[in-house]
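# An overview of the molecular structure
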Amino acid sequence: MTLGPRHPRIPLPPIPLPAHVADLAAEYGDGRRQAAEPRDAATVVLQRSDAQGRPEIYLLRRHTTMDFAGGMCVFPGGGVDPRDYDHTVAWAGPQPDEWAARLGTTVDVARALVCAAVRETFEESGVLLAGTAADSVIADTTGDDWEADRVALESRELSMTDFLDRRGLVLRTDLLGIWSGWLTPVFEPKRYRTWFFVAHLPDGQVTRDVSSESSEVVWLAADDAVAQAEAGEMAMLPPTYLTCMEIGAMGSVEAVIAAGADRSVEMFMPEVVPLGDGFTMSVPELLRPLLAARRS
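Calculation rules
Residues numbered from 1 in each chain as written. Predicted model: local features only at pLDDT ≥ 70, side-chain atom pairs only at ≥ 80, totals over all residues. Heavy atoms only, no water. Helix = DSSP H or I, 4+ residues; strand = E, 2+ residues; numbered from the N terminus. pLDDT = per-residue confidence, 0-100. Contact = heavy atoms within 4.5 Å. Core = buried A, V, L, I, M, F, W, Y, C linked by side-chain atoms within 4.5 Å. Buried < 20%, exposed > 50% of the residue type's maximum accessible area, 1.4 Å probe, protein only. Expected span 1.5 Å × (residues − 1). Salt bridge = Lys/Arg side-chain N within 4 Å of Asp/Glu carboxyl O. Pairing = 2+ DSSP bridges. Axes fitted to C-alpha atoms, helices over the stretch in contact; angles between N-to-C directions. Parallel < 35°, antiparallel > 145°, perpendicular 65-115°, else oblique. Nonpolar A, V, L, I, M, F, W, Y, C, P; charged D, E, K, R; others polar. Arc of directions from axis to C-beta.

### Some words on unusual backbone geometry
Even without being a glycine, R156 presents a positive backbone phi close to 70°. Note that R156 resides in the loop between α4 (144-154) and α5 (160-167).

Written as structure tokens, this is what we have:
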């Protein structure tokens, strides 16, 4: 299954920098452009196993009219909302100070990031990483009452704290794993400091095409998503493409979740580096062997 219309192929890396991106970088380099302040954000790679046991991932195609990553296929996620910082939010699992150590940030920001990750996943997929206690998880969020709460969260009429309190729920922070951190290049006009989390689709829950920011959604094996991006059948930003590639190489959801339980974040910001007569963007050292293998 493909998602959206055909897009320009992603050549196997290193990827030449498009002319308009090179122009932005040049403007920053010679002082004509000032660096924008990045906004903190969280995204969740929601997974399940396909018939062959491979990790399948949930992807949304953003509306082409969106001012950031329009038309791109992305994981559920978005910017941190001020109310995500609420220290009274119901919580079960690793505590904010533990998350802060692994996310490389302050306790307040770590709490907000975890809250945003759970909130955005529910808003954009209908999947809720919460339960009535530390050893339970909601099994069904498809009813009309759940949809009303999801819409209220999405419109910011309802805060995550009030939503959980009203239903007697706690965040199941142990259902999240840490994967990576990406900072939008310094020359881009709109920038995000994004923490990537991983999670397994809870038993009994199903995803729903509900996000107001997406035009299409799909479950797709991570390896197939990479192949479609390279074939021009799916548009992705480099962090999404590289994350799909790395997760596909893990072979199973269990392996991904196990890796996510042990990782900590070192925020990576791609930089412009020479490539022949032009330029490309740098990638994390951890991913270079995988990229090299795809070229061989």
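Resuming the write-up.
### Describing the confidence of the model for the protein
In the predicted model, the protein carries a mean pLDDT of 87, and the fraction of residues at 70 or more is 84%. Ranking the elements of the protein by mean pLDDT puts helix α1 (residues 19-29) last, at 69, and strand β6 (residues 130-131) first, at 98. In this model residues 1-6 is a low-confidence stretch, pLDDT under 50, and it forms 25 contacts with partners more than four residues away in sequence or in other chains.

### Here we look at the nonpolar core
Ranked by size, the top nonpolar core spans 45 residues in total, and within it W99, L103, L128, M160, F163, L176 and F197 carry the most contacts. For this core, the secondary structure elements donating two or more residues are β1 (39-49), β2 (55-62), α2 (96-103), α3 (107-125), α4, α5, β9 (192-200) and β10 (214-221). At 10 residues, α3 tops the list of elements feeding residues into this core. Core analysis: the next-biggest nonpolar cluster, separate from the first, contains 28 residues, V198, L220, A225 and Y241 among them.

### Focus on α3
A rise of 1.5 Å per residue sets the reference length of α3, with its 19 residues, at 27 Å; its end C-alpha atoms lie 27 Å apart and thus fit the reference within 8%. With 17 of its 19 residues buried, α3 lies for the most part within the structure. Following α3 by one or two positions, G126 adopts a phi angle in the positive range, close to 80°.

### Some remarks on the pattern of salt bridges
Applying the stated criterion to the full structure yields 20 salt bridges. Its salt-bridge partner being R167, residue D145 comes within 3.3 Å of it at the nearest N-O pair. Pair noted here: D145 is in helix α4 and R167 is in helix α5, with a separation of 22 residues, a long-range link. With a shortest N-O distance of 2.9 Å, R208 and E147 are connected by a salt bridge. Of this pair, R208 sits in the loop between β9 and β10 while E147 sits in helix α4; the two residues are 61 residues apart in sequence, bridging distant segments of the chain. By relative accessible area, which is 24% here, E147 ends up partly exposed. What you see here is one network of salt bridges that share partners, running through D81, R83, D84, R119, E120, E123 and R156.

### Comments concerning the environment of I138
One can find I138 in the loop between β6 and α4. Relative accessible area serves as the criterion here: at 12%, I138 is assigned to the buried category. For the pair I138 and L128, spaced 10 residues apart in sequence, the C-alpha separation works out to 7.0 Å. When neighbours within four sequence positions are excluded, I138 is seen to be in contact with L128, A130, G131, W146, L169 and Q205.

### Looking at the sheet that holds strand β5 (residues 91-92)
Pairing within the open sheet is mixed, and its 3 strands lie in the order β5-β7-β6. The open sheet has two free edges, formed respectively by β5 and β6, since each of these has just one partner strand. One ladder, built from 2 bridges, connects β5 with strand β7 (residues 170-172); its direction is parallel. Bridging from a neighbouring strand, W91 pairs with L171 of β7.

### Side note on the packing of α2 against α3
Packing of α2 against α3 brings their axes to within 8 Å, and their N-to-C directions diverge by 95°. Put simply, α2 runs roughly perpendicular to α3. Mapping the contact onto sequence places P96, D97, W99, A100 and L103 in α2 and V107, A110, R111, L113 and V114 in α3. Across the contact of α2 with α3, the residue classes tally to 8 nonpolar, no polar and 2 charged.

### Observations concerning the environment of R119
As for its position among the elements, R119 is in helix α3. Look at R119 and you get buried, because its relative accessible area is 2%. Note: C-alpha distance between R119 and V80 (39 residues apart in sequence) is 9.6 Å.

### A closer look at helix α8 (residues 253-262)
Among the residues making up α8, those that are buried are V253, V256, A259 and G260. Viewed along the axis of α8, the buried residues span an arc of 130°, placing them on a single side of the element. When the buried face of α8 is taken as reference, the exposed residues oriented beyond 90 degrees from it are E254 and D262.

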